[in-house]
Amino acid sequence: QVQLVESGGGLVQPGGSLRLSCAASGNIVSVNNMGWYRQPPGKQRELVATITRDGTTTYADSGKGRFSISRDNTKNTAYLQMNSLKPEDTALYYCNADVVRSFGLRNYYWGQGTQVTVSS
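Each value, and the rule that gives it
- Positions within a chain are numbered from 1, following the residues in the order the chain's sequence is written.
- It should be noted that, the model being predicted, local features are given only for residues of pLDDT at least 70 and side-chain atom pairs only at 80 or more, the latter also being counted only at that level, while totals for whole chains, interfaces and linings use all residues.
- In computing side-chain properties, one takes all heavy atoms of the structure into account and sets aside hydrogens as well as water.
- Where helices and strands are cited, they refer to DSSP runs of H or I of at least four residues and of E of at least two residues respectively, numbered from the N terminus.
- As a reference, a globule follows 2.2 Å times the number of residues to the power 0.38, and the radius of gyration itself is taken over C-alpha atoms.
- The criterion used for residue contact is that any of the two residues' heavy atoms lie within 4.5 Å.
- The method behind every accessible area is Shrake-Rupley, applied with a 1.4 Å probe, and residues are considered shielded solely by the protein chains displayed.
- Burial here depends on accessible area, computed with a 1.4 Å probe over protein chains only, as a share of the maximum for the residue type. Under 20% is buried, over 50% is exposed, and the range in between is partly exposed.
- When charges are tallied, Lys and Arg are placed among the positive residues and Asp and Glu among the negative ones, while His and the ends of the chain are skipped.
- Every case where a carboxyl oxygen of Asp or Glu lies within 4 Å of a side-chain nitrogen of Lys or Arg is listed as a salt bridge.
- Whenever a nitrogen or oxygen atom comes within 3.5 Å of another N or O atom, the pair is scored as a polar contact, on the condition that within protein one atom can donate a hydrogen and the other can accept it, and that pairs from neighbouring residues in sequence are kept only if both atoms are in side chains.
- Two strands form a pair only when DSSP identifies at least two bridges running between them.
- For helices, the axis comes from a line fit to the C-alpha atoms of the stretch in contact; other axes are also lines fit to C-alpha atoms, and the angle between any two N-to-C directions lies between 0 and 180 degrees.

A. Representation of the overall build of the protein chain. Counting secondary structure elements, the protein chain contains zero helices and eleven strands. Computed over C-alpha atoms, the radius of gyration of the protein chain comes to 14 Å, within 12% of the 14 Å expected from 2.2 N^0.38 for 120 residues, which places it in the range of a compact globule. Its C-alpha atoms give the protein chain principal-axis dimensions of roughly 50 × 25 × 20 Å. Taking all contacts inside the protein chain whose residues are at least 6 apart in sequence as the whole, residues at least 24 apart take part in 55%. Here the protein chain has roughly 6,200 Å² of accessible surface; of this, 48% comes from carbon and sulfur atoms.

Structure (structure tokens):
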């Protein structure tokens, strides 16, 4: 099996920064696209940013210029650096990964989420 574990969330004041991590482990041959999503209170889950294995990134408009996604393929880990945080960034942040396992099996996996709260 494959597990995704997010970490790095917490309470931060407006204008502050956080760095989220997402580590994939288990029966992994390779990890293709990885992404960060978030679900604000009472709203649907939305895309934050994605990154391909070779480092090509995409961002939702809400995070452009403030958020930066990166990854370390040797650790099967993705990161989300979030700067200039706003109260509207408050959400449960989830990691998603496109994982290739043994025998060519391929699935998308989700982590359990890490809470980010931006408040003074």
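B. Quick peek at the side chain of R101. Following the sequence through the fold, R101 ends up in the loop between β9 (91-100) and β10 (106-110). The side chain of R101 is buried and forms no salt bridge, while D98, the nearest opposite charge, is found at 9.4 Å. At 2.9 Å, the side chain of R101 and the side chain of N107 are in polar contact. In this structure the side chain of R101 is engaged in a polar contact, spanning 3.0 Å, whose partner is the side chain of Y109. Apart from residues no more than four positions distant in its own chain, R101 is found in contact with V2, N27, V29, N107 and Y109.

C. Up close: the pairing of strand β3 (residues 18-26). Note: strand β1 (residues 2-7) against β3, six bridges, orientation antiparallel. Opposite L4, over in β3, you have A24 as the bridge partner. Bridge count for β3 against strand β8 (residues 77-82) is six bridges, and the pairing is antiparallel. Counterpart to C22 in the pairing with β8 is A78.

D. Representation of the sheet that holds β3 in the model. The strand order across the open sheet built from four strands is β1-β3-β8-β7, with neighbouring strands paired in antiparallel fashion. Whereas interior strands pair on both sides, the edge strands pair on one side only; in this sheet they are β1 and β7 (67-72). Strand-to-strand, the axes of this sheet are offset by a mean angle of 15°, without reference to chain direction.

E. Fine view of the pattern of salt bridges. Taken as a whole and judged by the stated rule, the model has five salt bridges. A salt bridge links D89 to R38, with the nearest nitrogen and oxygen atoms 2.9 Å apart. Of the two residues, D89 sits in the loop between β8 and β9 while R38 sits in strand β4 (residues 30-39), which places them 51 residues apart along the sequence. Neither residue differs from the other here; D89 and R38 are each classed as buried. A salt bridge links D98 to R106; the nearest nitrogen and oxygen atoms lie 2.5 Å apart. One connected set of salt bridges, linked through shared partners, spans R38, E46, R66 and D89.

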